[in-house]
Amino acid sequence: MLLAIKFGASLGRALALGLLTAALLMANAHAQTAESSMVVITHPATREEAIPRASLRAIFGMLLQKWPAATPVKVFVLRDDAPEHATFSKSVLQVFPHQLRMAWDRQVFSGQGQYPEQVASTQEMLARVAATPGAIGYAKASEVNENVRVLKIR
């Protein structure tokens, strides 16, 4: 009887561990899917093909204002409550949208920076990035067109 109880407890722990592992694997797969669905887009003349995530955070945090070739960066974002903005912030930049807003507010209120340019839709984002030298923004990978360049993240 004692052996059966120990076996049952071990089986229960193994089952719980298996369920936890499955949940973590599913969450990781979802995070990778979300990240791969959002891409960073730039003006087609931008020389960079890849960028470190830390530099990308600095650009979208309005701290890094020039590309390595000294071209000014023009940042475009969707409104704070847009689902794509939240997905991009969390999965690509790996920060919460409210953290970006706090960084922007800090820059503006201290007189050391400005807000990124806000656009109303993904279509407007694509058009504005395509038309603005040095521009950077983001979009769902499925919505990207040939007028912008996709920037890889290192």
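Scroll up to find the structure.
Residues numbered from 1 in each chain as written. Predicted model: local features only at pLDDT ≥ 70, side-chain atom pairs only at ≥ 80, totals over all residues. Heavy atoms only, no water.

(A) Seen up close, the sheet that holds strand 3 (residues 74–78). Spatial ordering of the open sheet is given by 2-6-1-5-3-4, a layout of six strands whose pairing is mixed. Strands at the two margins of the open sheet, each flanked by one partner only, are strand 2 (50–51) and strand 4 (117–119). In the sheet, strand 1 (residues 38–42) pairs with strand 6 (residues 149–153) via three bridges, with the strands oriented antiparallel. The residue bridging Val 40 from the neighbouring strand is Leu 151, located in strand 6. In this fold helix 2 (residues 53–60) packs onto strand 1, strand 2, strand 3, strand 5 (135–140) and strand 6, with an angle of close to 105° to the strand it touches most, strand 5. (Pairing = 2+ DSSP bridges. Helix = DSSP H or I, 4+ residues; strand = E, 2+ residues; numbered from the N terminus. Contact = heavy atoms within 4.5 Å. Axes fitted to C-alpha atoms, helices over the stretch in contact; angles between N-to-C directions.)

(B) View of unusual backbone geometry. Phi angles above zero are rare outside glycine, and Met 62 is one such case at about 65°. Position of Met 62 relative to the elements: it lies in the loop between helix 2 and strand 3. Taking relative accessible area as the criterion, Met 62 reaches 10% and is therefore assigned buried. The backbone of Ala 70 shows a phi angle near 75°, a positive value even though the residue is not glycine. For Ala 70, the position within the fold is in the loop between helix 2 and strand 3. (Buried < 20%, exposed > 50% of the residue type's maximum accessible area, 1.4 Å probe, protein only.)

(C) Molecular detail of the pairing of strand 5. Burial of strand 5 is extensive: five of the six residues sit out of reach of the surface. Pairing between strand 1 and strand 5: five bridges, direction antiparallel. Looking across to strand 5, one finds that Ile 41 is bridged to Gly 137. For strand 3 and strand 5, the ladder comprises two bridges, and the chain directions are parallel. Across the sheet, Val 75 pairs through a bridge with Ile 136, a residue of strand 5.

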